Amino acid sequence: MTSLLLFAFPKFLGQPQGIFWRSAIRFNSSAKSRWLDRQKGDSFTREAKVQGLRSRAAFKLMHLDDKYRLFRKGCSQRVLDLGYAPGAWSQVALDRTGPDGVILGVDILPCAPPRGVNAIQGNILSKKTHELIRLFFSKHFQLYQEDQLHKDNGYFQHMLEQELESLTLNSDKADPQCERSKIEKTPIDVIVSDMYEPWPQITGFWNNFTNSAYDRMANTTGVAIKDHYMSMDLCDAALITAIDLMKPGGSFVCKLYTGKEDKLLEGRLKQVFDVVHRFKPSASRNESKELYFIGLKKKHEVDKLKVFLE
Ligand SMILES: C[S@@+](CC[C@H](N)C(=O)[O-])C[C@H]1O[C@@H](n2cnc3c(N)ncnc32)[C@H](O)[C@@H]1O
């Protein structure tokens, strides 16, 4: 059996046995059918289907919002949903901010956003993604909203990219009225981050890869310590986004797989927000180590270096 697999996947030759077997186990079909069985028997999964929500994760954000009042109707809130795919959290944000809310989802994977939600495909660890987000939310970019095309299709990312490129090219012009000065530095009211394992897309695409595209991303590994440290990196990335792009007074949520550095993250959050909570929503499975941190009332002056050096 082993030699057959090594023949089929020669890239595993020369790798330590442990890595080989872990990789083989991850693509095991019985694990997939266990996952499907669990989904079928789950009341949140059933309810999500009934309500037309893209995944059961929607209920986690609803519980978080019921408890901490992140969203408000009639306040034109600008919401950034990090790791939005397949889009259930964005659906909740859109519903709870009302018609004047503006929701932008960012995900490293391509995904058509729910109607009324805008999206960028990008890695939140990249500086360019931050610039695209800022540009999207800036008043300057609202010009493009006149065409209303985004209502059906989400924003066209290439338009944002072209805009960013032309701003970068003209950045050295000594014009005090230059376009860049119209861009708000901290335009966002609420940032929610559910970043971690890519959503388990099982239909709607042809898979011509030898392994699933989304499995190459940050799936939970089942190794608690690894999941913890990888999710710490994504929480740090979300926190940096909040420090750089969120208005004072803004609200923040991020998902962490618990472990040794929980306290470290909590300490960092306390330097950025006046109020910090931890919460496990009832829709979060008991056996899962996921936990949500909530930061409320972002402070006015935040020294990014100090947050990460202490
Ligand atoms: C659990 S899913 C989010 C589910 C979503 N909240 C919902 O309600 O539909 C986590 C998402 O985080 C995304 N992700 C992981 N790392 C990322 C990164 N570095 N930048 C952007 N998105 C990332 C994954 O692609 C995946 O789609």
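Calculation rules
- Residues numbered from 1 in each chain as written.
- Predicted model: local features only at pLDDT ≥ 70, side-chain atom pairs only at ≥ 80, totals over all residues.
- Heavy atoms only, no water.
- Salt bridge = Lys/Arg side-chain N within 4 Å of Asp/Glu carboxyl O.
- Helix = DSSP H or I, 4+ residues; strand = E, 2+ residues; numbered from the N terminus.
- Buried < 20%, exposed > 50% of the residue type's maximum accessible area, 1.4 Å probe, protein only.
- Near = heavy atom within 4 Å.
- Polar contact = N/O pair within 3.5 Å; in protein donor to acceptor, adjacent residues only side chain to side chain.
- Areas by Shrake-Rupley, 256 points an atom, 1.4 Å probe, with all protein chains shown as cover.
- Nonpolar A, V, L, I, M, F, W, Y, C, P; charged D, E, K, R; others polar.
- Arc of directions from axis to C-beta.
- Contact = heavy atoms within 4.5 Å.
- Pairing = 2+ DSSP bridges.
- Phe/Tyr/Trp six-rings, centres within 6.5 Å; stacked < 30°, edge-to-face > 60°.
- Axes fitted to C-alpha atoms, helices over the stretch in contact; angles between N-to-C directions.
- Core = buried A, V, L, I, M, F, W, Y, C linked by side-chain atoms within 4.5 Å.

Asks: Tell me about the pattern of salt bridges, and please be specific about residues and values.
Replies: The final tally for this structure, using the stated rule, is 17 salt bridges. Where Glu131 meets Lys127, a salt bridge forms, and the shortest distance between an N and an O atom there is 3.3 Å. Of this pair, Glu131 and Lys127 are both found in helix H7 (residues 127–137), four residues apart, which corresponds to roughly one turn of the helix. Residue class for Lys127 comes out exposed when judged on its relative accessible area of 63%. Across the pair Asp194 and Lys255 runs a salt bridge whose closest N-O atoms are separated by 3.1 Å. With Asp194 in the loop between strand E4 (188–193) and helix H10 (224–245) and Lys255 in strand E5 (residues 246–257), this residue pair connects regions lying 61 residues apart in the sequence. The class of Asp194 is buried, set by a relative accessible area of 14%. Lys255 sits in the buried class, given a relative accessible area of 5%. One salt-bridge network, held together by shared partners, links Asp262, Lys263, Glu266, Lys270 and Arg278.

Asks: Would you mind going over the site of the ligand in detail, with residue names and values included?
Replies: Among the 23 residues in the neighbourhood of the ligand, the closest are listed as Ala88, Trp89, Asp107, Asn123 and Asp194. Note that an oxygen atom of the ligand is positioned 3.3 Å from one of the backbone N or O atoms of Pro86. Trp89 places a main-chain nitrogen or oxygen 3.0 Å from an oxygen atom of the ligand. Relative to its free-state accessible area of 600 Å², the ligand is covered by the protein chains to the extent of 95%. A per-class count over the shell around the ligand returns 14 nonpolar, five polar and four charged.

Asks: Help me get a handle on helix H11 (residues 262–272), residues and values and all.
Replies: Residues that lie three or four places apart on an α-helix share one face, since the helix turns once every 3.6 residues. Taken residue by residue, H11 has Asp262, Leu265, Glu266, Arg268, Leu269 and Val272 as its buried positions. One face of H11 carries all of its buried residues, which in axial projection span an arc of 160°. Buried positions along H11 lie against H10, E5, strand E6 (273–279), strand E7 (290–298) and helix H12 (304–309).

Asks: So what's going on with the pairing of E5? Which residues, and what values?
Replies: In terms of burial, E5 is largely enclosed, as nine of its 12 residues are buried. Alignment of E4 against E5, held across five bridges, turns out to be parallel. Following the sheet pairing, Val192 is matched in E5 by Val253. Note: E5 against E7, six bridges, orientation antiparallel. From the neighbouring strand, Phe252 faces E7, where its bridge partner is Gly295.

Asks: Help me get a handle on H7, residues and values and all.
Replies: Those residues of H7 not exposed but buried are Thr129, His130, Leu132, Ile133, Leu135, Phe136 and Phe137. A side-chain oxygen of the first residue of H7 lies 3.2 Å from the backbone nitrogen of Lys128; this N-cap is Ser126.

Asks: Give a description of the packing of aromatic side chains that names residues and reports values.
Replies: In this structure the tally under the stated criterion is six aromatic pairs. With a centroid separation of 5.5 Å and 45° between ring planes, the pair formed by Phe44 and Phe59 is classed as tilted. Of the two residues, Phe44 is situated in helix H4 (residues 43–50) and Phe59 in helix H5 (residues 57–68); the sequence distance between them amounts to 15 residues. Given a relative accessible area of 22%, Phe44 falls into the partly exposed group.

Asks: Kindly report on the environment of Asp194, identifying the contributing residues and their values.
Replies: Taking the C-alpha atoms as reference, Asp194 lies 9.8 Å from Ser231; in sequence the two are 37 residues apart. Not counting residues up to four positions away in its chain, the partners in contact with Asp194 are Ala57, Leu82, Trp89, Lys255 and Tyr292. Of the polar contacts made by the side chain of Asp194, one reaches the side chain of Tyr292; its length is 2.9 Å.

Asks: Which residues make up the sheet that holds E4, and what are the values?
Replies: Strand order in the open sheet made by the seven strands is E3-E2-E1-E4-E5-E7-E6, with mixed pairing throughout. The strands lining the two open edges of the sheet, one partner per strand, are strand E3 (118–121) and E6. Neighbour to neighbour, the strand axes of the sheet diverge by 15° on average, direction disregarded. Most of the contacts of H7 go to strand E2 (residues 102–107), to which it runs at about 165°, and overall it touches strand E1 (78–82), E2, E3 and E4.

Asks: Kindly report on the environment of Asp66, identifying the contributing residues and their values.
Replies: Position of Asp66 relative to the elements: it lies in helix H5. A polar atom in the side chain of Asp66 sits 2.8 Å from the side chain of Arg96.

Asks: Give me the nonpolar core: which residues, what numbers.
Replies: By size, the foremost hydrophobic cluster in this structure holds 42 residues, and its most contacted members are Leu80, Ile133, Phe252 and Phe273. When residues of this core are assigned to their parent elements, the largest contribution, nine residues, is made by H10. Core analysis: the second largest hydrophobic core is formed by 26 residues, Phe59, Met62, Tyr292 and Ile294 among them.

Asks: Lay out unusual backbone geometry with the relevant residues and their values.
Replies: Pro86 follows Ala85 through a cis peptide bond whose omega is 10°. As for its placement among the helices and strands, Pro86 is situated in the loop between E1 and helix H6 (88–97). The backbone phi angle of Arg69 is positive, close to 50°, even though this residue is not glycine. Unusually for a residue other than glycine, Lys297 sits at a positive phi of about 60°. Positionally, Lys297 belongs in strand E7.

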